[in-house]
Amino acid sequence: MDLRRNQNELKVRGHYQLPEEVGKALSQPAELDVALSAPETGDFWVADSPNRLSGPLQMAAQIEWKQKIANGQMWISGSNLKMRDLVFRQLSTQCSISNNVVYLNDCRALLNDADFASTTGTLNLRRPYHYNGKVSAHVANLATLQPLLRASGNQNQLAGSFALDWEGDGNAQTFKNSGKLKFVLEKGRYGDLQPLRANIDASYSPDGVDVPIIFFATGNMDFQAIAQAHGETLEISKIQLDQGQAKFAAGYVSIPLVWRNLGTNAPVLPSNGKVIANFQSENIDIKRFFQDVGAEPIAAGIANIKLDAQGTIADLNARLDVQMRDLRSERIPKLEPATFDLTAQVTHDQLAVSGKLQQTRIQPLELTASMPFDIPKIARARKLPDETPIIAKARLPRSSVNFLRQFMPDVGQLDGDLGLDVDVRGTIGQPVMSGSGDITINVARTTNVTLPALNNFKGRLNFAGNALTIQQFGGELSGGKFTMTGGVKFPRLTEPMMDLQLKADSALVARNDTLTARADADIKVTGPFASANVTGNVAITNSHFLKNIDLIPIGLPGRPAPEPPSSRPDFSFPAPPIRDWKFDVVIKTKDPVLIRGNLATGGAIADLKLTGTGLRPELQGSVRLENVEATLPFSRLEVSNGLLYFNPSDSMNPRIDLQGTSVIRDYTVRVYVYGTLLAPEAIFTSEPPLAQEEIISLIATGATRSELSGRGNVLAGRAAMLLVQQLYRKVFKKGEPTQSNTVFNRLDLDVGTVDPRTGRQQVSARFKISDQFVLVGDIGLGGEYRGMLKYLIRFR
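Here the structure is a predicted model, which is why all the values come from computation and not from measurement.

Quick word on the confidence of the model for the protein
In the predicted model, the protein carries a mean pLDDT of 84, and the fraction of residues at 70 or more is 89%. Model confidence for the protein, summarised as mean pLDDT per element, is weakest for helix α6 (residues 712-732) at 55 and strongest for strand β3 (residues 30-38) at 96. Counting interchain partners and residues more than four positions distant, the pLDDT-below-50 stretch residues 549-559 has 17 contacts.

What about the pattern of salt bridges?
Tallying each qualifying case throughout the model produces 22 salt bridges. In this structure, the salt-bridge partner of R89 is D113, at a minimum N-O distance of 2.9 Å. With a gap of 24 residues between them, R89 in strand β7 (residues 86-98) and D113 in the loop between β8 (101-110) and β9 (116-124) connect regions that are remote in the sequence. Among the residues examined, R89 registers a relative accessible area of 39% and is labelled partly exposed. Across the salt bridge formed by K356 and E366, the nearest N and O atoms sit 3.9 Å from each other. Of the two residues, K356 sits in strand β23 (residues 350-359) while E366 sits in strand β24 (residues 362-372), which places them ten residues apart along the sequence. E366 sits in the partly exposed class, given a relative accessible area of 35%.

Let's talk about the nonpolar core
In this structure, M498, V525, V534 and W581 are the most contacted members of the largest nonpolar core, which totals 43 residues. Of all the elements, strand β26 (residues 411-426) adds the most residues to this core, at five residues. In contact with V534, not counting residues within four places along its chain, are I523, K524, V525, W581, K582, F583, D584 and V585. In this structure, V628, L658, Y667 and I699 belong to the second largest nonpolar core, which totals 15 residues.

Side note on the environment of P496
Assignment of secondary structure puts P496 in strand β31 (residues 495-511). Residues P496 and N466, 30 residues apart in the sequence, show an inter-C-alpha distance of 9.5 Å. Residues contacting P496, with those up to four places away along its chain left out, are V488, K489, F490, G527, P528 and F529.

So, a nonpolar patch on the surface
Where nonpolar side chains cluster on the molecular surface, the patch consists of F767, I769, F773, L775, L789, Y791 and I793 and spans about 690 Å² of accessible area. Mapped by element, the contributors of at least two residues to the nonpolar patch are β44 (773-780) and β45 (785-791). Assignment of secondary structure puts F767 in strand β43 (residues 761-768). Under the relative-accessibility criterion, F767 is labelled partly exposed at 30%.

Here's the deal with unusual backbone geometry
Look at the link from R127 to P128: it is a cis peptide, with omega at 5°. Looking at where P128 falls in the secondary structure, it is placed in the loop between β9 and β10 (130-139). With an omega of -15°, the peptide bond between Q194 and P195 qualifies as cis. Here P195 shows up in strand β13 (residues 193-205). For Y129, which is not glycine, the phi dihedral falls at a positive 60°. Looking at where Y129 falls in the secondary structure, it is placed in the loop between β9 and β10. Phi angles above zero are rare outside glycine, and N542 is one such case at about 50°.

Describing the state of the cysteines
In this structure the tally under the stated criterion is zero disulfides. In this structure C95 is a free cysteine whose sulfur lies 9.3 Å from that of C107, the closest cysteine sulfur available. With relative accessibility at 9%, the residue C95 sits in the buried group.

Some points on the packing of aromatic side chains
Within this structure, the stated rule accounts for seven aromatic pairs. On the numbers, 5.4 Å between centres and 20° between planes, the contact of Y672 with Y674 is stacked. Y672 gets classed as partly exposed once you look at its relative accessible area, which sits at 32%. Here a set of aromatic residues connected by ring pairs shows up, and it is made of F457, F473 and F482.

Comments concerning the environment of R460
Topologically, R460 is positioned in strand β28 (residues 454-465). Considered as a pair, R460 and G419 are 41 residues apart in the sequence and their alpha carbons are 9.7 Å apart.

A short note on the side chain of S436
Structurally, the position occupied by S436 is in strand β27 (residues 431-446). Among the polar contacts listed, one links the side chain of S436 to the side chain of R460, at a separation of 3.3 Å. Look past the residues within four positions of S436 in its chain and what remains in contact with it is L420, D421, V422, R460, L461, N462 and F463.

Focus: the environment of F583
Turning to its location among the elements, F583 is positioned in strand β34 (residues 582-589). Here F583 falls in the buried class, since its relative accessible area comes to 16%. Put simply, F583 and T613 are 30 residues apart on the chain and 6.0 Å apart in space, counted from C-alpha to C-alpha. Setting aside residues up to four positions removed in sequence, F583 forms contacts with V534, I578, L610, T611, G612, T613 and G614.

Points about the pairing of strand β17 (residues 246-256)
Where strand β16 (residues 233-243) and β17 come together, nine bridges link them in antiparallel fashion. The residue bridging T233 from the neighbouring strand is P256, located in β17. Connecting the antiparallel pair β16 and β17 is a turn made up of two residues, with G244 showing a positive phi of about 70°. With six bridges connecting them, β17 and strand β18 (residues 274-281) associate as antiparallel partners. Counterpart to S254 in the pairing with β18 is I276.

Calculation notes
Starting afresh in each chain, residues are numbered from 1 along the sequence in its written order. Given that the model is predicted, a residue must reach a pLDDT of at least 70 before its local features are reported, and side-chain atom pairs must reach 80 or more before they are shown or counted; all residues, however, enter totals for whole chains, interfaces and linings. To obtain the side-chain values, all non-hydrogen atoms of the structure were included, while hydrogens and water were left out. Note on scores: pLDDT gives the predictor's confidence for each residue, bounded by 0 and 100. Numbering of helices and strands starts at the N terminus; helices are DSSP runs of H or I of at least 4 residues and strands are runs of E of at least 2. By definition, residues are in contact when any of their heavy atoms lie within 4.5 Å. Salt bridges, as used here, are contacts in which a Lys or Arg side-chain nitrogen is within 4 Å of a carboxyl oxygen on Asp or Glu. Partly exposed describes any residue whose relative accessible area lies between the buried limit of under 20% and the exposed limit of over 50%, with all areas from a 1.4 Å probe on protein chains only and scaled to the type maximum. Nonpolar cores were defined as sets of buried Ala, Val, Leu, Ile, Met, Phe, Trp, Tyr and Cys residues, with membership established by side-chain atoms within 4.5 Å. Each patch is assembled from residues with relative accessible area greater than 30% and no salt bridge, linking like charges that lie within 9 Å and nonpolar side chains (Val, Leu, Ile, Met, Phe, Trp, Tyr) that lie within 5 Å. To be clear on the numbers: accessible area is Shrake-Rupley with a 1.4 Å probe, and residue cover counts the displayed protein chains and nothing else. Counting rule for disulfides: a pair of cysteine sulfur atoms within 2.5 Å. Each Phe, Tyr or Trp ring (for Trp, its six-membered ring) is paired with any other whose centre lies within 6.5 Å, and the angle between the two planes then decides the class: stacked below 30 degrees, edge-to-face above 60, tilted in between. Any pair of N or O atoms that falls within 3.5 Å is considered a polar contact. Within protein, one atom must be able to donate a hydrogen and the other to accept it, and sequence-neighbouring residues count only if both atoms are side-chain atoms. The pairing criterion is simple: DSSP has to find at least two bridges between the two strands.

And the structure:
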């Protein structure tokens, strides 16, 4: 194979003896020869690629495989290789293979005199893959590596200096390894997290590990400890967490761990090994703690944690107490402060947990649970085994639902109550539930008047066996009823399976001065909670769109022109679980959505399908305009064909196909709109033929550009006509839809036109009696007048 691009050339030659049996593929002989000569590596990239690597690069490799033994060599050499603002002054690799042993004699990347990375070592390709090696990397300014983050789409700032030194040997297939590691970070920065410091000094062997220095620090917090594992014990001592000058936490942990058994089938956690642990924190600022570690705070408040444990793995006695006070959420500013207490105690392989959440607006929510806690068994399974028995209870005494307004700030009125009493028994794999939960909402209204009010809602959930069943769930949305049936099964306590069906009968979805939307629905939600399938039908019914548009903003002089949309419309659910739900919902109009306004009448018929996922929903189908008439300033546009085509690849930017016809004076104008919603295009034609600019002027003012040039009175007459129409609609036809046969749609008034007979200005009026007959009247400045009846003959 020969690949050439400008002066760059890649050659690949090879040979492989096909086996008679597939199972003997690795025993067949093979040869491979690769040569790359690239005076300008950037020629392999698109010219404007942001991740383009430029500079000279050379490579050669010769590898031979015979009787399952590899031999050969490879080298790579490059200089002044550049990607974005990162420059590799030198890149070199020299490697040889002899008798299945890979010798990495030199691998070096040099950024400048101070910043470099180098590696040497060997690797035996035979089991157990014995290796030895050495890695050294030093970067005085991490900002030089910023282009690597940019190439991966990470825009966080990077700064600081670091040094990494490692050397070791052992067998990659087993855990028999020895080595030393030293890592130092100073004045580091990652995004808003700064300054960062870290220091780790460690050594390890098949018999144990020693980490005399473990230190991490941010601007306001630091953590330090010492860890070592020898014999059958892992000890972590001098644990200390400080926030500023305050010492918030300290502790000591000693647990049984047989280091030499790692990577073998022998037990790592001996049952008779002794456990000693104590850890205590005082008044940790939760919000500040998350900020110091560079994470988004989940809450604000004060936390106290205390842990005491002693005994053996087989007979452990331990107690964990967690107290949180003044819990708040910045995302929910109206949320009243809460307190949370949790106690977990292990006694003789039995775990008991109790918790209580308290807030002033609700009764205390209490949670209790107990289960066996066999640590060796959990360690072997790496999870709680499915056969683990469990007893749990959740109880919320009847409380007012008004507390939910804290989580929903847009809810202006909420009246009702709710309660919960649930027991869980059985096992983790086969839970058995009992109890019930119910909620009553007499009325719920939002501050957004567009959303309908919820009335007479009643819901009751029954828990029996491994299932939650909806006994009652329904209410009214401004006269339209909706119900939900089905339930949720728990084949495993942590893996709920949903089988829900939502039905609605003319339920009000939205209502305001512009839009009234009602819908019938039959939607099913089935499958795992984390990746459910949503299927069914939605039928829009009894809906209308009413919008009056001011042609002349009489009441608001100097009102600025409307601004274009600031961003592209988007519709997505980026947060789980809806993010991973899959949709297959048909959306149609049961009867056309009526369009009513001072500028348009007609209807819209939808035939759409919602597919995709919550993260990337997709719309496919069309919306067709039916019997639509649009009122232009001086005529009417009859839409003979109007369609919006939705494509799944760009659902929020449908394709337009609209054709309409308008008769303006003696001209028949045809309009064709195409393109997309975000980038529409229009073509105008007319009979008799006019230029595009003339047609646009005719549509906007009722006169061509030649008629308007030099005659300001014509424009004044047009403006006066618009003003009279506006006042007429506001005073006499307020709130009524436009009609196709009104007087103003038939009347055309021109002020200041020149009478070709006298050469003097006149006022001319035209009244359209039908498509063929037009009544014309002129009044001159001297009082002379003329009346005519015109009959129009159009030739095709």
